[in-house]
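Chain residues, written in single-letter form:
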Amino acid sequence: MSACQTVEGMQFDDPLRDEVDVVVIGGGIIGVCVALYLARAGQSVMLCEKGRVAAEQSSRNWGWVRQHSRDEAELPIMMESMRLWQSLSMEVGDQLGFRQHGVLYLASTEQKLAQRERWLDVARRHQLDSRLLSARQVAALTGAPEGQWQGGVMTPGDARAEPDRAVPAIARAAKRAGVQIKEGCAVRTIEQNNAEVAGVVTEHGAIKCHRVVLASGAWASLFLRNMGIDLPQLVVRSTVVRTTPVSQFFAGNAADETLAFRRREDGGYTLAQTDRTLHPIGPDSFRYLKPFLPALWRDKSSYRFERASAAHGPAAWRVARHWSADDPTPFEATRVLDPRPDPLAVDRVLKMAHAKLPGLQNASVANSWAGMIDSMPDVVPVIDTPSSAVPGVPAGLTIAAGFSGHGFGIGPAVGKLVADMVCHRAPAHDISRFRLSRFSDGSEISLGPVF
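The rules we used
Residues numbered from 1 in each chain as written. Predicted model: local features only at pLDDT ≥ 70, side-chain atom pairs only at ≥ 80, totals over all residues. Heavy atoms only, no water. Helix = DSSP H or I, 4+ residues; strand = E, 2+ residues; numbered from the N terminus. Rg over C-alpha atoms; globule rule 2.2 N^0.38 Å. Buried < 20%, exposed > 50% of the residue type's maximum accessible area, 1.4 Å probe, protein only. Pairing = 2+ DSSP bridges. Axes fitted to C-alpha atoms, helices over the stretch in contact; angles between N-to-C directions. Expected span 1.5 Å × (residues − 1). Bend = angle between axes of the 7 residues up to and from the residue. Core = buried A, V, L, I, M, F, W, Y, C linked by side-chain atoms within 4.5 Å. Contact = heavy atoms within 4.5 Å. 1 Å grid on protein atoms, 1.4 Å probe; cavity = no way out; pocket = protein on both sides within 12 Å on 5 of 7 lines; lining within 4 Å. Points joined across faces, edges and corners; volume = space filled by probe spheres on them. Nonpolar A, V, L, I, M, F, W, Y, C, P; charged D, E, K, R; others polar. Polar contact = N/O pair within 3.5 Å; in protein donor to acceptor, adjacent residues only side chain to side chain.

Caption draft 1: Quick peek at the overall build of the chain. What the chain contains, in helices and strands, is 13 helices and 21 strands. Relative to a compact globule of 451 residues, whose C-alpha radius of gyration would be 22 Å, the chain shows 21 Å and is just as compact. Each of the three principal axes of the chain carries a C-alpha extent, and together these read 65 × 45 × 40 Å. Residue burial in the chain is summarised as follows: out of 451 residues, 62% are buried.

The following block contains the structure:
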């Protein structure tokens, strides 16, 4: 069963514009927020989504809005994003389900606790409210027996939200700001004139524009490949469980080495495993093996592999990788990437929750779903207008993709940042770490943090 209600029916069906200032490709959290802040900057915007707004990973994620354990280059952007979540929540009300009840990273061993504690150095540099908790404090917070965990590190100012509600609510705010949104509208190609963006061709017709933002999540690499541009992006499948309602024992988000859990607005908890990553092996697995080797080596114990199939969308063996503006595309063949949850993962997650958390001992599975997470070799995204640095990229194209499973929380600030870039305003943050050319200019792969 899908996590996202927007899979069932179209919510946004504005007429296709003949000409706009900016076309945004992709209706996930990043694309929706880019469109919102572009409209607020006075730009005319058409957002094209091949399927449904937020129907893929933007509604299937854990719902964490965290500063904790971010890559340090991402952290200032995420801190701004927290402020934007607060203002958006005030603007649209409880539709977001935004609650600041903290993020807690738990440690089952003293060695892991020492690793968790290193985050405090980063937190102090950025004046976050992160703090070390003892085993007794952790037990009091979670209701688990003392000794279940040796301690943890908590950032009380971190938050949670309800993904399947939040992103469509932000999309409605974008529409009120003047954004035209059309679901069921795949962009096939970008038209160029003298190596500059001249427009896009969609399955429903052409749109003239001079600026395009590609925010298509797991599909970004496939779209760029057709243009002759390399984005070394792979996908991993993640299974998530929603429990039946139980009494609240912890109001925020928490994770240890194997289990993540988050309180939900419906009275249940969202559960997922943190120590196993399932990668569907397809052609790109071999094409991009070299840049991914450092991450594979570091996290080798957590990876599991399966043969990619049509259900894995851009990873599939037989998916088309080249087409013209007149051809139907893979984006039309798979409107919504809706992989099946792994039943073994569902069973394992529930057993871990029962064993570790007394508050969940009477909980059962209300439903489960899976999502395809777009992943980069260094676990940080590409946020770039790379025309001068990467051959083949037309002037006027901005890429915001590869958020590696942590795009939901940072989405509002990335949207504002990208809107500034598109409007030729200086970025408010240092984004040099997120340049596309880092994969082609000889730079060493510098891995971002993991659980």
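Caption draft 2: The arrangement of the sheet that holds strand β11 (residues 205–208) in detail. Read across the sheet, 3 strands follow the order β9-β10-β11 without closing on themselves; strand pairing throughout is antiparallel. Each having just a single partner strand, β9 (187–193) and β11 make up the two edges of the open sheet. The average angle at which neighbouring strand axes cross in this sheet is 25 degrees, direction not considered.

Caption draft 3: Seen up close, helix α13 (residues 407–422). Spanning 16 residues, α13 covers only 19 Å between terminal C-alpha atoms, well under the ideal 22 Å at 1.5 Å per step. At Ala413, α13 shows its largest kink, close to 40 degrees. Within α13, 15 of the 16 residues are buried, which leaves it mostly tucked inside the rest of the structure. After α13 finishes, the residue His424 shows a positive phi value of roughly 65 degrees.

Caption draft 4: How the structure looks around the nonpolar core. In this structure, Val24, Leu38, Val65, Leu96 and Val418 are the most contacted members of the largest nonpolar core, which totals 56 residues. Elements with a minimum of two residues in this core: β1 (22–25), α1 (29–40), β2 (45–48), α3 (75–92), α7 (163–176) and α13. Discounting chain neighbours no more than four positions away, the residues touching Val65 are Met78, Met82, Trp85, Phe98, Asp158, Ala159, Arg160, Ala161, Asn253, Phe408 and Gly409. Ranked by size, the runner-up nonpolar core spans 40 residues in total, among them Leu224, Ala316, Val319 and Met376.

Caption draft 5: Geometry of empty space enclosed by the protein. Applying the stated criterion across every chain yields a total of 2 cavities of 30 Å³ or more. Its boundaries defined by the atoms lining it, the largest cavity holds a volume of some 100 Å³. Around the largest cavity, the lining comprises 14 residues; the ones closest to its centre are Gln233, Leu234, Asp284, Pro314 and Ala315. Of all the secondary-structure elements, those providing two or more residues to the lining of the largest cavity are α8 (220–225), β13 (234–243), β17 (277–281) and α9 (283–287). In terms of residue count, the dominant contributor to the lining of the largest cavity is α9 (3 residues). Each residue belonging to the lining of the largest cavity can be placed in one class, and the counts come to 8 nonpolar, 5 polar and 1 charged.

Caption draft 6: Molecular detail of the sheet that holds strand β8 (residues 180–182). Pairing in this open sheet of 6 strands is mixed, and the strands run β8-β2-β1-β12-β21-β20 from one edge to the other. Each edge of the sheet is formed by a strand with only one pairing partner; in this case those strands are β8 and β20 (382–384). Recorded for the sheet is a direction-independent mean angle of 15 degrees between the axes of neighbouring strands. Most of the contacts of α13 go to β20, to which it runs at about 30 degrees, and overall it touches β1, β12 (211–214), β20 and β21 (397–401).

Caption draft 7: Quick look at helix α12 (residues 343–356). Compared with an ideal rise of 1.5 Å per residue, which puts 14 residues at 20 Å, α12 spans 20 Å between its outermost C-alpha atoms and is within 8% of the ideal. Along α12, the positions that sit buried rather than exposed are Ala345, Val346, Arg348, Val349, Leu350, Met352, Ala353 and Lys356. Where α12 begins, one side-chain oxygen reaches toward the backbone nitrogen of Leu344, 3.0 Å away; that side chain belongs to Asp342.

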